[in-house]
Structures are given as C-alpha cells and as structure tokens.
Amino acid sequence: MKKIISGLFFRFIRSLETWVFLALLVAASAYLFLIPIKADLVPGVSLPNEGEKSFIEMDIPARDVYRLYLEPLPEDTFTKLCGTNNSAHGEHIIICTILTYSHIIPAILMMGFVPLFFGRLFSDNTIKNLISSGHSKTKIYLASLVFTVAVCMLMLLTEAIVFAALCVIYLWIPPIYFPAVILKLFVDLFFISLLSSVCLVFLFTTTKKAVAFIIGFLLLALLSTPLSHSAINRLRDSRPSLSDTEEYKEIWNRIKEDTDQIGNSFEDKIDYLNFDNKTFYQGEEIKALGDSTLPAFQRAMYLTEIYLDPTLIVVGYLGEEFGLYLLCRDGLMAVNIAANIFWITLISAAGIFVFNKREIHG
C-alpha cells in the first residue's frame, strides 16, 4: 500500500490540476478570510480603533478570552476584559467567524479534485495495471482513501498559512486558544474527508467521473443546514418552559441582588441528554426548561440522529449556540469527529465491498 500511496503523491506533484487547485485555494481562502478581518482591522495597523487595547497588549491568556461569560475568570482578568476599552472580544469573534467557514473552500475543491484525479486512474488504465501487478483492490482503495485524507490535510494546512500571512500583513497577533482551534481543524478535516470518501465510493464503484461530480456537488448542499436540524427543534420544543415558576423567579431575584461582578458568576455546560446549554450561577443550575415530554425511545432516536450528524459542528453549532470554547471543553467536537470517522469507515467498507465485486475493464 505504501508504494501505491507514493505513486499517487508522485502523480499529485506532477499534475497541472494540483497547482491550479492550490492556487484557487489560496485565492479563495484569502478572499473569504479577509471579509471578517477587513471589517475591523487596517493593513499595517495593529489596532482597530485608537484608544483600544488589542488582545496582545492586555497580557491575558487567550483561553480567558474564549471562556468569558462561559465560566468564571480570575477577577483581575475579568476586570481587564470588561472594564477597559479593548478589542479582545472583537478579535475573538474574527477567529470564530474564520473557523466557521474554514471548511467551505477545501470541501468545494475536493468535490472537483477527487473525480478529476482518480478518474484519470481509470481512464488511463492505471487501476487495471496496479491489479495486474499483484495489488489487491482493497489495498488500492485504502491507499486512495489515505491519500485523499492527506490532501484534505494539506488544504487545511495551506489555509492556515494563508491566515498567518494575513496576520503578518495586518500586524495582528490574534487570540488563539490552540486546543480549541486545532480540534476545530480536525473537525473540518474529518468532515471534508467524509464528503471526499463518498465521492470516492461512487467513482470506484461506477468508474464514471460524471457520477462522482454530481454526487459530490449534491453533497455540498448539506452545508446549508445541519442534517439533524429537525430533530434538534423537536427535542427542544418538547421541553416545557419554567420561566413562570416560583423557583425560576426566586433564583433570578437573588441574582439581581448580587451586583458584584455578576457577569463573572455564571458557568455554562453542554447538556448532552437534551442537546442544550445548562447555565449555573455560583454552582446552582438555572432551569429555564423542564424535562422532555417525548417517549424515552423517541427521545433516544432524536439524540442518536443529532450525535451521528456529520454536519453538526461545521454547519450549525460553532458560534452563538454553544461557542468554540464549550464545544472543545465539553467534548462535542470530539463526539463529532468520532461520528465522522464512523461514517467514513462504514462508507469505505461498503465501497471496498462493491469495488471488489466489480470487474475492471481496460
């Protein structure tokens, strides 16, 4: 399999399409990333507005910028972030916006790259020659899958370089909390790899580039909304409001009496059993919604649909719903990565099975 992968990389480097796709990736990523950056920053000027302190001037950890209002911070850090004129929160928003859309350009390009690159292996009889040389169809397919994941990784690395170059141009040292950012890039990697693996399955099982193209670009329609959107809404609609209960009113009356850094007393957690936020005030949960009224089996089915949804993070829940920090800290990104690995494995197993049964004619 190692020889097959080496041969694919040799073709990759020599292929004109490779350099065209990389050029498109650099240009399109730079344009997409510049949209949120240009809204707040000026080339060659490190601060968006005169008199504001940037994140790097505040001498606080990037992690604290990400977890502001999501869990209590040290008092001096909270005072710096909320009691001074600074751009740290705005810089954090720029990073989140860029990460929200970081998968789009590589996903679009991979839907074109897979049929073009691997389709040529069929049209010039390379696949048939590999089989004649003693390589099994399973090894050929797995080598192609590993190579595809490596190309996806290369695209995301190229995007990271583009972003770094823009930071140099804008003299900007952004707040980057590496555990959350790197984990989000892995979410992107396995999501794009899943889309690519579906495209690869149809190409290897039909040997027709046109079919792979059509399937690939139909898959891009998934980028508009999470597949589990309906399940999420039904699950949440099944929970009665508790905002009129005495218990809910009583805890908020106590909160209003506490005027000492009240915003630094809340903590949010992801509620996996209801796919929602839990909010705590000084350790006490503020329950705005009751338990689901759905039958246990139906509720379990909805939750299964949600957590197996490969589009969950990249499409719906990176930003305002939970926030990048909670998605990382509470493990929802890891759950989504595991779901994508599950679907890649399942789809690839089906692809290998059909490909092994198919005769390759030259």
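Here is a short report on the structure shown in this document. (Residues numbered from 1 in each chain as written. Predicted model: local features only at pLDDT ≥ 70, side-chain atom pairs only at ≥ 80, totals over all residues. Heavy atoms only, no water.)

On to the packing of aromatic side chains. Taken as a whole and judged by the stated rule, the model has 26 aromatic pairs. Ring geometry for phenylalanine 342 versus tryptophan 343: centroids 5.0 Å apart, planes at 70 degrees, classification edge-to-face. Among the aromatic residues, those joined into a cluster by ring pairs are Phe9, Phe12, Phe21, Phe113, Phe117, Phe118, Phe122, Tyr141, Phe147, Phe204 and Phe355. Of note, lysine 269 hangs over the ring of phenylalanine 280, and the distance from its end group to the ring centre comes to 5.0 Å. (Phe/Tyr/Trp six-rings, centres within 6.5 Å; stacked < 30°, edge-to-face > 60°. Lys NZ or Arg CZ within 6 Å of the ring centre and 35° of its normal.)

Before going further, it helps to spend a moment on the nonpolar core. The biggest cluster of nonpolar side chains holds 99 residues, and the ones touching the most others in it are Tyr66, Met110, Phe118, Phe204, Phe275 and Leu332. Considering every element that reaches this core, the biggest residue donor is helix α9 (residues 178-206), with 15 residues. Among all residues touching phenylalanine 204, those that are not within four sequence positions of it are Phe118, Phe122, Ile127, Ile140, Tyr141, Ser144, Phe355 and Arg358. With six residues, the next largest nonpolar core counts Tyr248, Ile251, Ile255 and Ile286 among its residues. (Core = buried A, V, L, I, M, F, W, Y, C linked by side-chain atoms within 4.5 Å. Buried < 20%, exposed > 50% of the residue type's maximum accessible area, 1.4 Å probe, protein only. Helix = DSSP H or I, 4+ residues; strand = E, 2+ residues; numbered from the N terminus. Contact = heavy atoms within 4.5 Å.)

Taken together, the side chains of Met1, Leu142 and Val146 make up a nonpolar region of the molecular surface, amounting to roughly 220 Å² of accessible area. Position of methionine 1 among the secondary structure elements: in the segment before α1 (2-14). (Patch = residues over 30% accessible without salt bridge, like charges linked within 9 Å, V, L, I, M, F, W, Y side chains within 5 Å. Areas by Shrake-Rupley, 256 points an atom, 1.4 Å probe, with all protein chains shown as cover. Salt bridge = Lys/Arg side-chain N within 4 Å of Asp/Glu carboxyl O.)

Locating valine 187 in the fold gives a position in helix α9. Take valine 187: its relative accessible area is 0%, and that puts it in the buried class. Measuring from C-alpha to C-alpha, the distance between valine 187 and asparagine 336 comes to 7.0 Å, with 149 residues separating the pair along the chain.

With that settled, the discussion passes to the environment of aspartate 188. For aspartate 188, the position within the fold is in helix α9. Aspartate 188 gets classed as buried once you look at its relative accessible area, which sits at 0%. Taking the C-alpha atoms as reference points, aspartate 188 and isoleucine 313, 125 residues apart in sequence, are found 8.9 Å from one another.

A few words on unusual backbone geometry. Phi at asparagine 125 takes a positive value of approximately 65 degrees, unusual for a residue other than glycine. Under the relative-accessibility criterion, asparagine 125 is labelled partly exposed at 27%. Here the phi dihedral of phenylalanine 275 falls at roughly 45 degrees; this positive angle occurs in a residue that is not glycine. Taking relative accessible area as the criterion, phenylalanine 275 reaches 0% and is therefore assigned buried.

What follows deals with the packing of α9 against helix α16 (residues 332-357). Relative orientation and spacing of two packed helices are given, respectively, by the angle between their axes and the distance between those axes. Contact pair α9 / α16: the axes reach a minimum separation of 9 Å and the direction vectors enclose 15 degrees. Looking at the two axes, α9 sits roughly parallel to α16. For the element pair α9 and α16, the recorded crossing hand is left-handed. Here the residues of the contact of α9 with α16 are counted per class, giving 19 nonpolar, seven polar and one charged. (Axes fitted to C-alpha atoms, helices over the stretch in contact; angles between N-to-C directions. Parallel < 35°, antiparallel > 145°, perpendicular 65-115°, else oblique. Left-handed = near helix turned anticlockwise from the far one by under 90°. Nonpolar A, V, L, I, M, F, W, Y, C, P; charged D, E, K, R; others polar.)

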